[in-house]
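Here's the letter readout for the chains.
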Amino acid sequence: MDSPEWKDCIICFGLIAGTTLGVILSFFFHIQLTYGIASGAMLGYVGGLATSIWKK
């Protein structure tokens, strides 16, 4: 993990995982799919960004 590319990868992984989780949870909690995708992507991005900053 010495290369700077892993930071981009972890942020993208957070976006993908968060969006997927948002879609799944929107079906379980009967909320609008758009809100599930947006909130999941937002949380995934913040989580990936925090991980990439924390793992300097």
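Taking 1.5 Å of rise per residue, the 22 residues of helix H2 (residues 33-54) would be expected to cover 32 Å, and the 31 Å separating its terminal C-alpha atoms lies within 8% of that figure. Looking only at H2, the buried set comprises Gly36, Gly40, Ala41, Gly44, Gly48 and Ser52. The buried residues of H2 occupy an angular sector of 120° when the element is viewed end-on, so they sit on one face. Among the exposed residues of H2, those pointing more than 90 degrees away from its buried face are Thr34, Tyr35, Met42, Leu43, Val46 and Trp54.

Even without a glycine there, the phi angle at His30 is positive, about 55°. Relative to the helices and strands, His30 is located in the loop between helix H1 (5-29) and H2.

What follows is about the UniProt feature "transmembrane region" (unreviewed entry) in the protein. Using the residue numbers shown here, the UniProt feature "transmembrane region" (unreviewed entry) corresponds to residues 9-29 and 35-54. Structurally, residues 9-29 comprises 100% helix and 0% strand, and the distance from its first C-alpha atom to its last is 30 Å.

Scoring rules and cut-offs
- Residues numbered from 1 in each chain as written.
- Predicted model: local features only at pLDDT ≥ 70, side-chain atom pairs only at ≥ 80, totals over all residues.
- Heavy atoms only, no water.
- Helix = DSSP H or I, 4+ residues; strand = E, 2+ residues; numbered from the N terminus.
- Expected span 1.5 Å × (residues − 1).
- Buried < 20%, exposed > 50% of the residue type's maximum accessible area, 1.4 Å probe, protein only.
- Arc of directions from axis to C-beta.
- UniProt positions renumbered as here; feature names shortened; annotations may be inferred.

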